[in-house]
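So the chains spell out like this:
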Amino acid sequence: MPRHLTHDLRNLLDRGRDRQLRLAVTGLSRAGKTAFLTSLVNQLRHAGIDARLDLLKSAREERLLGAQRISQPDLGIPRFPYDEAIASLESTPPRWPEPTRGISELRLQLRYKTRRVRGLLGDTATLTLDLIDYPGEWLLDLPLLEHDFLSWSESQLQRTGPERQRHAEAWRTAVARHRPDEEVDESRLAELADLYATSLRSAREAGFSHLQPGRFLLPGDLQGAPVLQFFPLPGVGEPDRRTLEALPAGSLYQTLKKRFRFYQQHVVKPFYREHFRRFDRQIVLVDVLGALNAGPERFEDLSEALATLMRSFDYGKRSLINRLFSPRIDRLAIAATKADHVTPDQHANLVALLESLLAEPIKDLRYADVPVRAFSLASIRATETREIETDGQRQPALRGHGLDGEPLLLYPGDVPDRLPEKEFWQRQGFDFTAFRPVPCRSQALPHIRMDAALEWLMGDKLR
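Residues numbered from 1 in each chain as written. Predicted model: local features only at pLDDT ≥ 70, side-chain atom pairs only at ≥ 80, totals over all residues. Heavy atoms only, no water.

As annotated in an unreviewed UniProt entry, the protein chain carries the name YcjX family protein and comes from Salinicola lusitanus.

Have a look at this one:
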């Protein structure tokens, strides 16, 4: 039997016997994927030494012996830059790791003692943990498969609110000078596509999340390729379909339609086929605080983006046969990140707000009997909790350093425990402040509830 088939068969058997777990980590821009993966690897590497993992049962029972990095199976996928991330955190002054720009992987081998009856320790076992990091922006592209070019154009142009429109003004002005039936000028088409991509990047910098196509934001090895040179076409709709379809192949409409279809077939579908369908478990990281701080239009945009993202998953409980030949995600965690940027008394509200944002998708998952749990966590804790006196009363506060190194002691405000109403936005009682990481050298990274997330995502595999 050829070596690659032997390798694939071994992986299938390991998955069937619960000796291998493929954990996918995703989130939209600034959600903290790189910090989460760095902390996850760091905590498992320091298990049994100085990592605080009381909520991970195998660690609490002193059965988790540790983890080692081993060679990843797919040499064509970039390695997750763990060493570079740790170097950033250990620099002087410490810096947050650079975010990853595409898909990456890292493979760990965990060693643990199995449990026997009456709590006795059993044999030593191993679990191969494949960590897959991929941008949530790419997941937002999967619904493109439900559209043709015309319906996608309409959906994109209808979604744009007043604040979002400001970021697209230059592109809208430029594209308005062109007709669907005019002959395509390749250099001009590239300019218009670049203006559209620039409008998406500008919207992302302003805090918007529901942005398509996702590869325009994180092009990876497609940078400069014609497949990324298309855009929605204003001023056309369903009544124009017959006229538009009759246009010659070299027209603007037909060229954009062709590139949109190519993007569907050669960018979106391969990602789903080659990567997404192979995941066993999933955690979705959400920057709820950033959206809350940015205002109502951006918060609503995040809600729509998350609903779109959640529709992309193929969930379901898996029999042995399904695990071997048709894997589907069978456990999901959703996590509001940067919990250390609000005081501990607000953590419960943060979870409740996250669950409100995802109320409908969570109902669908629970109806399908798919395990899902919401968390608030800080992958790498950057603050300490203190008390301050305000108007004669003591209240909790955060102490840390701003990104510029300035010492800070503050109370950021109350997090609503449900979707904010108009009155909340009018008073805007929440002020999210970014902190830089604390100095940390050669020891386990401080965190909040990483152990709870690990127990949910893999604890049942370490029995």
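Additional details are given in the paragraphs that follow.
Visitor: Summarise the sheet that holds strand β10 (residues 407-410); cite the residues concerned and give the values.
Guide: Through backbone hydrogen bonds, the strands of a sheet pair up, either in parallel or in antiparallel fashion. Spatially, the three strands line up as an open sheet ordered β8-β9-β10, and their pairing is antiparallel. Edge strands, defined here as strands with exactly one partner in the open sheet, are β8 (384-390) and β10. Between one strand axis and the next, the sheet turns by 35 degrees as a mean value, whatever way the strands run. (Pairing = 2+ DSSP bridges. Helix = DSSP H or I, 4+ residues; strand = E, 2+ residues; numbered from the N terminus. Axes fitted to C-alpha atoms, helices over the stretch in contact; angles between N-to-C directions.)

Visitor: Please give an account of unusual backbone geometry that cites residues and values.
Guide: In the segment running from Thr92 into Pro93, the intervening peptide bond is cis, with an omega of -5 degrees. Relative to the helices and strands, Pro93 resides in the loop between α4 (82-89) and β3 (104-115). Across the junction of Gln212 and Pro213, the peptide omega takes the value -5 degrees, indicating a cis bond. A positive phi is found at Glu62, a non-glycine position, where the angle reads about 60 degrees. Locating Glu62 in the fold gives a position in the loop between α3 (57-60) and β2 (64-70). Judged by relative accessible area, Glu62 falls into the exposed class, the value being 65%. Positive phi, normally seen in glycine, also occurs at Lys338, with a value near 60 degrees. (Buried < 20%, exposed > 50% of the residue type's maximum accessible area, 1.4 Å probe, protein only.)

Visitor: Hey, could you go over the layout of surface pockets for me, with residue numbers and the actual values?
Guide: Empty space within the largest pocket amounts to approximately 1,200 Å³. In terms of lining residues, the largest pocket is bounded by 45 residues, among which Ser29, Arg30, Ala31, Gly32 and Lys338 are the most central. Contributing elements (two or more residues each) for the lining of the largest pocket: α2 (33-45), α5 (136-139), α9 (186-205), β5 (281-286), α12 (288-294) and α13 (296-311). Among the residues making up the lining of the largest pocket, the classes are represented as 23 nonpolar, twelve polar and ten charged. (1 Å grid on protein atoms, 1.4 Å probe; cavity = no way out; pocket = protein on both sides within 12 Å on 5 of 7 lines; lining within 4 Å. Points joined across faces, edges and corners; volume = space filled by probe spheres on them. Nonpolar A, V, L, I, M, F, W, Y, C, P; charged D, E, K, R; others polar.)

Visitor: Can you lay out the nonpolar core for me, pointing to particular residues and giving the numbers?
Guide: Judged by nonpolar contacts, the single largest core of 82 residues is most densely connected at Phe231, Leu233, Leu256, Tyr263, Val288, Ile334 and Leu354. Tallying contributions element by element places helix α11 (residues 252-274) first for this core, with eight residues. Sequence-distant contacts of Phe231, defined by excluding residues within four places in its chain, comprise Phe149, Trp152, Trp171, Val175, Leu189, Leu192, Ala193, Tyr196, Leu252 and Leu256. Leu21, Leu108, Phe375 and Cys440 belong to the second largest nonpolar core, which has 46 residues in total. (Core = buried A, V, L, I, M, F, W, Y, C linked by side-chain atoms within 4.5 Å. Contact = heavy atoms within 4.5 Å.)

Visitor: I'd like to hear about the pattern of salt bridges, residue by residue, with values.
Guide: In the structure shown here, the tally under the stated rule is 25 salt bridges. Between Glu84 and Arg79 there is a salt bridge; the shortest N-O distance is 3.4 Å. With a relative accessible area of 42%, Glu84 lands in the partly exposed category. Since its relative accessible area comes to 43%, Arg79 is described here as partly exposed. Several salt bridges share partner residues, and in doing so they unite Arg22, Glu105, Arg107 and Asp130 into one network. (Salt bridge = Lys/Arg side-chain N within 4 Å of Asp/Glu carboxyl O.)

Visitor: Let's hear about the packing of aromatic side chains: which residues, and what values?
Guide: Under the counting rule described, the total for this entry stands at 16 aromatic pairs. Relative to Phe230, the ring of Phe216 lies with its centre 5.3 Å away and its plane at 75 degrees, an arrangement referred to as edge-to-face. Residue Phe216 is found in the loop between α9 and α10 (241-245), and its partner Phe230 is found in the loop between α9 and α10; the two are separated by 14 residues along the sequence. Considered together, Phe216 and Phe230 belong to a single accessibility category, that of buried residues. The ring centre of Trp138 lies 3.5 Å from the NZ or CZ of Arg215, which sits over that ring. Its end group placed over the ring of Trp456, Arg331 keeps NZ or CZ at 4.5 Å from the ring centre. (Phe/Tyr/Trp six-rings, centres within 6.5 Å; stacked < 30°, edge-to-face > 60°. Lys NZ or Arg CZ within 6 Å of the ring centre and 35° of its normal.)

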